[in-house]
Amino acid sequence: MQALLMVGEGTQEIADIPVPEVPEGWALVRTIASAAGLFHTQMVKGMLDTGGLPRILGHEIVGEIVEAGSPASPPAGTLVVADAVVGCGVCEWCIRGEDSVCPWMRHLGIDLDGGFAEYSLVPESNLFPLPSDIPIAEAVMLSSALPAAVHAVTRVGVTSGARVAVSGVGSIGFTVCQVAKAYGATTIVAADVSDEQLAAVEPWVDATVNVGDMTPTDAATAMSEAGETPHGFDIAFETAGHLSSVETVIAALRPGGKAMMMGICDGPTAISFDSYLAQFVRREISLITTFGFTRRDFLVGNALYLGGRLDLSPLVGPTVALEDVPSVLAHIEEHGTGGKRYVVDVGMAG
Ligand SMILES: [Zn+2]
């Protein structure tokens, strides 16, 4: 089979390798599509441990079951999306349903081979059937982008009536706005420095603010005014991964509010306050982090999308061939993704 192998830091190559043998409890899937984004540029640079090389990247997998052993598995020929998180299933976190923080967790496309190949191995319990008429370019988003947003929205406790601010509306922030709305948030204000991305998210939010030339304090004030929340927001999501955005969301919260930190800030990071007591402690601000998602988040994301509560089409970027992924990643590294997910066509023609 044709596969794109990461063979060293910064190096990937197309190779012809044998179709893998299927271990017990796993299924062989003919890969139809995967996705490429900023995360893969970080993977190729060696930011995350691949558990050995060569490694087939691609943590999003939509495909068709070729071979599965368990009678409970969807039958051969079924269109499926794979949950990329492979918890150990044994430890106390997995038993509690917190598989995203399982210390023995492995991940398809990171430390297990992923979807940048004509065939993929997936644990049978990680396969979920999809309707055969689902748009494939949107289905790849069910693998990771959508459940990650569901996890963050669930963890921070968005409930009916919540007043929510979202700083940064790339693909993650965009999805967070939609999921927060589906969870019953009544006020959602989105902030970004890109008019284009703010325009894309407009149908899903109550107000947008371009915070391009503002200080964090001014940005927080502008967001509160736009959302008519004079005492601040119940919940604020930071998805941009910039310190100014972190300071903005903390300033935008009401007393007792919760900040969900989704972005990854580069390098040594410190949050500073003119008055730690007055701006942070006295207001009982909570900082909550998120990493990956659980099986439950995956199922909730699928249900929200298939139930027509979300529109993932604005996130669909260009479709690219497997052999073009290295040059696409170089392009993304330099120019970003514009809030889109590149769809990797592995076998869309069938
Ligand atoms: Zn575990």
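Just so it is clear, the structure is predicted and the values come from calculations on it, not from any experiment.

### Focus on the coordination of the zinc ion
Six octahedral donors around a metal ideally subtend angles of 90 or 180 degrees, whereas four tetrahedral donors ideally subtend 109.5 degrees.
Part 1: Each protein donor to the zinc ion is listed here as Cys 88 (SG), Cys 91 (SG), Cys 94 (SG) and Cys 102 (SG); together their distances run 2.3 to 2.4 Å.
Part 2: One way to put it: the 4 donor atoms around the zinc ion meet at angles of 104 to 116°, and that makes the site tetrahedral.
Part 3: In the primary sequence, the donor residues of the zinc ion line up as C-x2-C-x2-C-x7-C. With Cys 88 in the loop between β7 (85-86) and α2 (92-95) and Cys 102 in the loop between α2 and β8 (106-107), this pair connects stretches of sequence that are 14 residues apart.

### With respect to the sheet that holds strand β13 (residues 207-210)
Part 1: Strand order in the open sheet formed by 6 strands is β13-β12-β11-β14-β15-β16, and the pairing between neighbours is parallel. Pairing within the sheet leaves two strands with one partner each, and these edge strands are β13 and β16 (286-289). Each strand axis lies, on average, 20° off the axis of its neighbour in the sheet, ignoring direction.
Part 2: Both strand β15 (residues 253-261) and β16 contribute to a ladder of 4 bridges, which runs parallel. Residue pairing for β16: Met 261 is matched across the bridge by Thr 289.

### Re the pattern of salt bridges
Part 1: Here the structure, examined in full by the defined rule, presents 9 salt bridges.
Part 2: For Arg 341, the salt bridge identified is with Glu 60, shortest N-O distance 2.4 Å. Placement of Arg 341 in strand β18 (residues 341-345) and of Glu 60 in the loop between β4 (55-56) and β5 (62-68) is noted, with a sequence separation of 281 residues between them. Across the pair, Glu 60 and Arg 341 agree in class, each one buried.
Part 3: The closest approach of N and O atoms between Glu 98 and Arg 96, which form a salt bridge, is 3.4 Å.
Part 4: Here the salt bridges share partners, and the residues they tie into one network are Glu 92, Arg 96 and Glu 98.

### Quick look at the domain arrangement of the protein
Part 1: Its domain assignment divides the protein into domain 1 (2-144 + 293-345) and domain 2 (147-289).
Part 2: Placing the centre of domain 1 and that of domain 2 at their C-alpha centroids yields a distance of 28 Å.
Part 3: Listed by partner, the interface residues are 21 residues for domain 1 and 15 residues for domain 2.
Part 4: Summed over both partners, the interface of domain 1 with domain 2 comes to about 1,400 Å²; 68% of that surface belongs to carbon and sulfur atoms.
Part 5: The three residues of domain 1 that bury the most area against domain 2 are Asp 297, Leu 310 and Leu 315, which together make up 28% of that side's buried surface.
Part 6: On the surface where domain 1 and domain 2 come into contact, there are 4 residue pairs in polar contact (both at pLDDT 80 or more).
Part 7: Here the element with the most residues in the side of domain 1 that touches domain 2 is helix α10 (residues 295-306); it accounts for 6 residues.
Part 8: The residue inventory of the side of domain 1 that touches domain 2, partitioned by class, reads 9 nonpolar, 7 polar and 5 charged.

### Points about the sheet that holds β4
Part 1: Taken in spatial order, the 3 strands make up an open sheet running β2-β1-β4, and their pairing is antiparallel. Looking at which strands have only one partner, the edges of the open sheet turn out to be β2 (11-16) and β4.
Part 2: With 6 bridges connecting them, strand β1 (residues 2-8) and β2 associate as antiparallel partners. If you follow Leu 4 over to β2, its bridge partner there is Ile 14.

### Regarding the packing of helix α7 (residues 216-227) against helix α8 (residues 243-252)
Part 1: With their axes 8 Å apart at the nearest point, α7 and α8 run at an angle of 45° to one another. One way to sum up the angle between α7 and α8 is to call them oblique. The hand of the α7/α8 crossing is right-handed. Across the interface between the two elements, Pro 216, Ala 219, Ala 220, Met 223 and Ser 224 from α7 touch Ser 244, Glu 247, Thr 248, Ala 251 and Ala 252 from α8.
Part 2: Its residues assigned to classes, the contact of α7 with α8 shows 6 nonpolar, 3 polar and 1 charged.

### With respect to the packing of helix α4 (residues 145-156) against helix α5 (residues 171-182)
Part 1: At a minimum axis separation of 9 Å, α4 and α5 run at an interaxial angle of 60°. Classified by the interaxial angle, the pair formed by α4 and α5 is oblique. Every pair of crossing elements has a handedness; the one defined by α4 and α5 is right-handed. Counted together, Ala 145, Leu 146, Ala 149, Val 150 and Val 153 of α4 and Ile 172, Thr 175, Val 176, Val 179 and Ala 180 of α5 form the full contact between these two elements.
Part 2: Classifying every residue of the contact of α4 with α5 by side-chain character gives 9 nonpolar, 1 polar and no charged.

### Thoughts on the side chain of Asp 99
Part 1: The topology assignment puts Asp 99 in the loop between α2 and β8.
Part 2: Arg 295 provides the closest opposite charge to the buried, salt-bridge-free Asp 99, at an N-O distance of 5.2 Å.
Part 3: Within the local environment of Asp 99, its side chain forms a polar contact with the backbone nitrogen of Arg 295, the two atoms lying 3.2 Å apart.
Part 4: In contact with Asp 99, not counting residues within four places along its chain, are Val 85, Trp 93, Cys 94, Met 105, Thr 294 and Arg 295.

### Details of the environment of Gly 227
Part 1: With respect to the element layout, Gly 227 can be found in helix α7.
Part 2: If near-sequence neighbours (up to four positions away) are discounted, Gly 227 is found in contact with Thr 187 and Val 189.

Calculation criteria
- Residues numbered from 1 in each chain as written.
- Predicted model: local features only at pLDDT ≥ 70, side-chain atom pairs only at ≥ 80, totals over all residues.
- Heavy atoms only, no water.
- Donors = N, O, S within 2.8 Å, 3.2 Å for Na, K, Ca; no water.
- Tetrahedral: all angles 85-135°; square planar, octahedral: opposite > 155°, others 65-115°.
- Helix = DSSP H or I, 4+ residues; strand = E, 2+ residues; numbered from the N terminus.
- Pairing = 2+ DSSP bridges.
- Axes fitted to C-alpha atoms, helices over the stretch in contact; angles between N-to-C directions.
- Salt bridge = Lys/Arg side-chain N within 4 Å of Asp/Glu carboxyl O.
- Buried < 20%, exposed > 50% of the residue type's maximum accessible area, 1.4 Å probe, protein only.
- Domains from an automatic or database assignment.
- Contact = heavy atoms within 4.5 Å.
- Buried area = accessible area lost by both parts, 1.4 Å probe.
- Polar contact = N/O pair within 3.5 Å; in protein donor to acceptor, adjacent residues only side chain to side chain.
- Nonpolar A, V, L, I, M, F, W, Y, C, P; charged D, E, K, R; others polar.
- Parallel < 35°, antiparallel > 145°, perpendicular 65-115°, else oblique.
- Left-handed = near helix turned anticlockwise from the far one by under 90°.
- Lys, Arg positive; Asp, Glu negative; His and termini not counted.

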